Amino acid sequence: MKKNSILPLLLLLIPSIIIAQDSKESFTSLWGESAKTALGFFWKSGWAFVLGYMISGAIQAFVPKRKLTRHMGEGDAKSVSLSTFFGAISSSCSFAALAAARSLFLKGAHFISTVAFMFASTNLVIELGILIFIFLGWEFIVAEIIGGILLIIISSIIIKLTYPKKWIKAARERLEEQSEEEEDFNWRERIKSKEGWFLVGKKFVMEWKMAWEDILIGFTIAGFVSVLVPQSFWEAIFLNNMQGELPEFVIRLENALVAPFVAAATFIGSMGNIPLATVLNENGILFAGLMGFIYSDLMVPPLVNMNRKYYGVKVAFYIAGVMYVSIVLTALILNYSFDLLNVLPEGSRKVKEVTQFKIDYTFYFNIVFAAFTGLMLYFNSKAQSKSHGHEHNHGGGGISFKRIVVYVFAAIVLIGLIIHLI
């Protein structure tokens, strides 16, 4: 990640710093409370990540991709449906989703099916649904699933109508030399073997390695934003302070149009933006804006840049354009249809309630899944002792600027927690 890629994120936090300085509370007390809230997000969702990545690891270890890609060569409903299903049961890491989509495209998957896989693997995965349930409620899971399917349908129609044959052909030729064949295997034999379960542990660890930076950054930002940024700031961005002065359609449209840019400014992946969505939900952002924000995980610049490396500039921006239009239309359709049926989810969950430390199901679940984490680490060590597999690489050698930012954020949370305890 380039140094200037983190600037929008920092600009998003500038109002927080100004507000904190003008607040009656001391900056140190606000810092401590922000760190406590960020840690509360980690605590509340820790077991969910372990469960989700265990399931994802098992699916990746026991479901062969080659047999599925044979049926993705057409851009018809069958191929798109299979791609959606395959994406929903795969990795939730945005970087891994793009890498897997590239692999499917190289193996003959139609471009429409490839894009459907991208959307499904970041918006319909199990672990994302668990987080949405924890932080937003079951109503938002229903909306997420319906909207995710609608998003894929709309994007498929848009691509069919605007299909850039020359660009797609050039992109496929660009990737042909990078093709990587995956081993074929019998899943029935693998699931009965020790090596198969060792592979689950390896996939589990790989998932964490790919996602922990975005999770840490996202949860830290959400913790500080929830404490430092007042409701008036979000009302100004999403025009909530203009209720009654502007037509409802204008405000809903503005929310849907602006939300993807707010998501892009945070530079957070699919798993890291749910806590921040909780903050937006608490501050009364319209349903269209909230869903538009959640669906915009693939709009962040690092992921657009990854698509550029894979497919070239034209196709990368074409994908981003299709995503943006599809997200806006999906957010508006969801808002109006749910409103028409009088089932519009209400922002009832508060950040302080969600992040509160207490002896409840979260406490016991975290203990149980901590044990499962130990088991997965053991399986990974056994897999590594037998062979060294290929892992996803998001950058070059050395310490990236993003990793430095992650360390800084970790230090900020740690120091803030110490301040809070003192």
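Located above this text is the structure these notes cover.
Everything quoted here is computed from the prediction, not taken from an experiment.

About the thresholds
- Residues numbered from 1 in each chain as written.
- Predicted model: local features only at pLDDT ≥ 70, side-chain atom pairs only at ≥ 80, totals over all residues.
- Heavy atoms only, no water.
- Helix = DSSP H or I, 4+ residues; strand = E, 2+ residues; numbered from the N terminus.
- Contact = heavy atoms within 4.5 Å.
- Areas by Shrake-Rupley, 256 points an atom, 1.4 Å probe, with all protein chains shown as cover.
- Patch = residues over 30% accessible without salt bridge, like charges linked within 9 Å, V, L, I, M, F, W, Y side chains within 5 Å.
- Salt bridge = Lys/Arg side-chain N within 4 Å of Asp/Glu carboxyl O.
- Buried < 20%, exposed > 50% of the residue type's maximum accessible area, 1.4 Å probe, protein only.
- Expected span 1.5 Å × (residues − 1).
- Arc of directions from axis to C-beta.
- Phe/Tyr/Trp six-rings, centres within 6.5 Å; stacked < 30°, edge-to-face > 60°.
- Lys NZ or Arg CZ within 6 Å of the ring centre and 35° of its normal.
- Axes fitted to C-alpha atoms, helices over the stretch in contact; angles between N-to-C directions.
- Parallel < 35°, antiparallel > 145°, perpendicular 65-115°, else oblique.
- Left-handed = near helix turned anticlockwise from the far one by under 90°.
- Core = buried A, V, L, I, M, F, W, Y, C linked by side-chain atoms within 4.5 Å.

Visitor: How would you explain the overall build of the chain if you had to name every residue and give the values?
Guide: Each helix and strand counted, the chain has 20 helices and zero strands in total. Put simply, of all contacts in the chain between residues at least 6 apart along the chain, 87% involve residues at least 24 apart. About 19,200 Å² of surface is accessible on the chain, with carbon and sulfur atoms providing 64% of the total.

Visitor: Which residues make up a nonpolar patch on the surface, and what values do they have?
Guide: Together, Ile145, Ile149, Ile153, Ile157 and Leu161 line one region of the surface with nonpolar side chains, adding up to about 490 Å² of accessible area. Along the chain, Leu161 falls in helix α8 (residues 138–162). For Leu161, a relative accessible area of 70% corresponds to the exposed category.

Visitor: Quick rundown of unusual backbone geometry? Include the residues and the values.
Guide: Even without being glycine, Leu239 reaches a positive phi, approximately 60°. Here the phi dihedral of Asn342 falls at roughly 60°; this positive angle occurs in a residue that is not glycine. One can find Asn342 in the loop between α17 (313–340) and α18 (351–354). Looking at Asn342, the relative accessible area reads 67%, which means it is exposed.

Visitor: With reference to specific residues and values, describe helix α20 (residues 401–421).
Guide: The end-to-end C-alpha distance of α20, which contains 21 residues, comes to 30 Å, matching closely the 30 Å that a straight helix rising 1.5 Å per residue would cover. Among all positions in α20, only Lys402, Val405, Val406, Phe409, Val413 and Gly416 are buried. For α20, the arc enclosing every buried residue in end-on projection is 105°, short of the 170-degree limit, so these residues lie on one face. Projecting away from the buried face of α20 at angles above 90 degrees are the exposed residues Leu414 and Leu421.

Visitor: Requested: an account of the pattern of salt bridges, with residues and values cited.
Guide: Across all of its chains, the model carries three salt bridges by this definition. A salt bridge links Glu213 to Arg403, with the shortest nitrogen-to-oxygen separation between them at 2.4 Å. Of the two residues, Glu213 is situated in helix α11 (residues 194–228) and Arg403 in helix α20; the sequence distance between them amounts to 190 residues. Taking the relative accessible area as the measure of exposure, Glu213 reaches 9% and is therefore buried. Connected through shared salt-bridge partners, Glu248, Arg252 and Asp339 make up one network.

Visitor: Outline helix α14 (residues 273–282), supporting the account with residue identities and numerical values.
Guide: For α14, the tally of buried residues reaches nine of ten residues, placing the bulk of the element in the interior. Looking only at α14, the buried set comprises Asn273, Ile274, Pro275, Leu276, Ala277, Thr278, Val279, Leu280 and Asn281. Residue Gly284 follows α14 closely and has a positive phi angle near 80°.

Visitor: Can you explain the side chain of Thr330? Please cite residues and give values.
Guide: Here Thr330 shows up in helix α17. Not counting residues within four places of it along the chain, the set of residues in contact with Thr330 comprises Gly147, Leu150, Leu151, Ile154 and Tyr295.

Visitor: Please provide a residue-by-residue account of the environment of His110, values included.
Guide: Residue placement: His110 occurs in the loop between α5 (94–106) and α6 (111–123). Between the alpha carbons of His110 and Ser83 there is a distance of 9.8 Å; along the sequence they are 27 residues apart. Beyond its immediate chain neighbours, meaning those up to four positions away, His110 contacts Met72, Gly73, Glu74, Gly75 and Tyr163.

Visitor: Got a sec to walk through the packing of aromatic side chains? Specific residues and values, please.
Guide: Think of a pair of aromatic rings as described by two things: how far the centres are apart, and how the planes are tilted against each other in angle. The full count for this structure, using the stated rule, is 21 aromatic pairs. Seen in terms of ring centroids, Trp47 and Phe365 are 4.9 Å apart; in terms of plane orientation they differ by 80°. Their pairing is edge-to-face. Here Trp47 is found in helix α2 (residues 27–62), whereas its partner Phe365 is found in helix α19 (residues 361–386), with 318 residues between them in sequence. Classification of Trp47 as buried rests on a relative accessible area of 9%. The interplanar angle of 40° and the centroid separation of 5.6 Å between the aromatic rings of Phe369 and Phe372 together place this pair among those described as tilted. Linking Phe369 with Phe372, this pair stays in helix α19, spanning three residues, or about one helical turn. The exposure class assigned to Phe369 is buried, which follows from its relative accessible area of 12%. Lying across the ring of Phe105, Arg172 places its NZ or CZ 3.9 Å from the centre. Here the basic side chain of Arg252 rests over the ring of Tyr336, its NZ or CZ set 4.6 Å away from the ring centre.

Visitor: Talk me through the packing of helix α16 (residues 301–311) against α17; I want residue IDs and the actual numbers.
Guide: For the pair α16 and α17, the least separation of the axes is 7 Å and the interaxial angle reads 140°. In this view, α16 runs oblique relative to α17, as classed from their interaxial angle. In terms of crossing hand, the pair formed by α16 and α17 is right-handed. Along the contact surface, α16 presents Val304, Asn307, Arg308 and Tyr311, while α17 presents Val313, Val315, Ala316, Ile319 and Ala320.

Visitor: Give me the lowdown on the side chain of Thr362, citing residues and values where you can.
Guide: Mapped onto the secondary structure, Thr362 falls in helix α19. Ignoring anything within four residues of it in the chain, the contact list for Thr362 reads Trp43, Lys44 and Trp47.

Visitor: Give a description of the packing of α6 against α8 that names residues and reports values.
Guide: Put simply, α6 and α8 touch, their axes get as near as 10 Å, and they point 160° apart. Considered as vectors, α6 and α8 are oriented roughly antiparallel to each other. Crossing geometry of α6 relative to α8 is assigned as right-handed. Between α6, through Phe111, Ile112, Val115, Ala116, Phe119, Ala120 and Asn123, and α8, the contact on the second element is made entirely by Glu144, Leu151, Ile152, Ser155, Ser156, Ile159 and Lys160.

Visitor: Go over the nonpolar core with me, naming the residues and quoting the values.
Guide: Residues Phe111, Met118, Trp234, Met291, Phe293, Tyr311 and Met323 are the most contacted members of the largest nonpolar core, which totals 112 residues. Ranked by the residues each element gives to this core, the list is headed by α11, at 13 residues. Leaving out residues up to four positions away in the same chain, Phe111 has contacts with Phe105, Ile159, Tyr163, Ile168, Val315, Tyr318 and Ile319.

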